[in-house]
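Residues per chain, in single letters:
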Amino acid sequence: MTTPAAPGAGPSVDEVEAAAYTLATDAPEADGTLEWDKTTLVVVHARSGTTTGLGYTYGAPETAAYVRGHLAPVVAGRGAFDVPAANEAMTRAVRNDGRPGLVAGAISAVDIALWDLKARLLGVPLTHLLGRARPDVPVYGSGGFTTYDDQRQERQLRHWVEDQGIPRVKIKIGESWGSAEHRDRERIAKARATIGDATELYVDANGGYTVKQAIRLARYLDDHGVTWFEEPVSSDDLDGLVRVRAGGLVDVAAGEYGYTLGYFGHMLRAGAVDCLQADATRCGGLTVWLRAAALAEAFGTEISGHCAPHAHAAVAAAVPNLRHVEWFHDHVRIESRWFDGTLDPAGGHITPGADGAPGHGLTFKTADAEPHRAG
């Protein structure tokens, strides 16, 4: 049930709309545990008077229908400046629907739209509204899918390192649930040869290995100067992550499937990661991402923004314990194609709010995306 804004409390949210758009990938893609050939962007617009905020997530097309049918009535009529109150109302309203997964993505997209709306109503960049702990946000190039042949992997790595000057890059490993470990090792060695010794090399197994397999591989990663081992085992296996973390010098990272703040708390209390990953398009939007960053800081741990780089840009700049944001190939391709106001990662960082545009500075190119409407 909608709670109307109090008299004199400022503008209200008049309307929330959502739509989904699906774009085919530029080549077949896979990681350690999944294959795909398309990516769906779910776009949310929150309107107050003549001002509109933009939010988004990546997920199933049905996410848009859930926003329209379940979350829009909860948010409409609320004060546009009271984003945490709207976030809490959405969280309470979905109790019986199951918050993790698709529903969390829906809440996240609405939350991001509401923060953008608030900043636009105030006429300030989102970085000014949130406050900055740093002017620039480091990024790392991410892709290197297990379906890539040697030539495609090399081209992508060279583009990031040589054309864009990004000093940290990541490839996918754990192919076929860890059953192609020999090829994983070959691809790691070839990636290191391509980028040279001065560039940081990361790997992501997407939970494809067993614990002992990941520990053995961690020693190989040490030999090749790999400094980031993402989801070596399932992120639900906290004990396994702890064991892998103790088995090598490489930093262990996980958390992208955190849909609630409690999930991050369990991971941090277990000592399972050297760097916590959180995804603002999954965990509950910017509201919850900021809380996850504060929780990580309390444990002396850095945080990294998972995927959707433009959704993370401003919020990443607001926290002192940021390590970086993922410049993920699929999402960069979609965001550069369907958004105006995208950022330049040259030199290995982005600078949100630099142009002074209100909100996060993005505008959705509806006409360009409309032929790809999926929901």
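The structure this text deals with has already been given above.
In what follows, the accompanying structure is described. (Residues numbered from 1 in each chain as written. Predicted model: local features only at pLDDT ≥ 70, side-chain atom pairs only at ≥ 80, totals over all residues. Heavy atoms only, no water.)

1. Considerations on the overall build of the protein
The criterion, for reference: Secondary structure counts use DSSP, requiring at least four H or I residues in a row for a helix and at least two E residues in a row for a strand, with both numbered from the N terminus. Here the globule rule is a power law, 2.2 Å times the number of residues to the power 0.38, and the radius of gyration is based on C-alpha atoms. Whether two residues are in contact is decided by their heavy atoms, any of which lying within 4.5 Å being enough. In these tables, accessible area is a Shrake-Rupley quantity obtained with a 1.4 Å probe, and a residue counts as shielded only by the protein chains included in the view. Only four residue types enter the tally: Lys and Arg on the positive side, Asp and Glu on the negative side; His and the chain ends are excluded. Think of each charge as sitting on NZ of Lys, CZ of Arg, CG of Asp or CD of Glu.
Across its full length, the protein carries 14 helices and 14 strands. Radius of gyration (C-alpha) of the protein: 20 Å, near the 21 Å computed for a compact globule of 375 residues. Referenced to the eigenvectors of the C-alpha coordinate spread, the extents of the protein come out at roughly 65 × 40 × 35 Å. Partitioning the contacts of the protein with sequence separation of at least 6, the portion at a separation of at least 24 is 72%. As displayed, the protein has an accessible area near 14200 Å², and 51% of this comes from carbon and sulfur atoms. In the protein, which carries 35 positive and 48 negative side-chain charges, the distance between the mean positions of the two groups comes to 3 Å.

2. Some thoughts on the pattern of salt bridges
Opposite charge on two side chains allows them to pair when their charged atoms are near. This is how the line gets drawn: Salt bridge criterion: a side-chain nitrogen from Lys or Arg within 4 Å of a carboxyl oxygen from Asp or Glu. Buried means the residue's accessible area, taken with a 1.4 Å probe over protein chains only, is under 20% of the maximum for its type, while exposed means over 50%, and partly exposed covers the values in between.
Under the criterion given, the structure shown has 24 salt bridges. Its salt-bridge partner being Glu181, residue Arg185 comes within 2.8 Å of it at the nearest N-O pair. Here the residue Arg185 and the residue Glu181 both occupy positions in helix H7 (residues 181-195), the gap between them amounting to 4 residues, near one helical turn. Residue classification places Glu181 among the buried residues on the basis of a relative accessible area of 15%. Across the salt bridge formed by Asp251 and Arg323, the nearest N and O atoms sit 3.0 Å from each other.

3. Some details on the pairing of strand E4 (residues 137-142)
Selection rule: Criterion used throughout: strands pair if DSSP finds at least two bridges between them.
Buried residues dominate E4, accounting for 6 of its 6 residues. What you see with E4 is no split at all: Val137, Val139 and Gly141 on one side and Pro138, Tyr140 and Ser142 on the other are buried throughout. Inspection of the sheet shows E4 paired to strand E13 (residues 349-350) by 2 bridges, in the antiparallel sense. In the strand pairing of E13, Pro138 is matched with His349.

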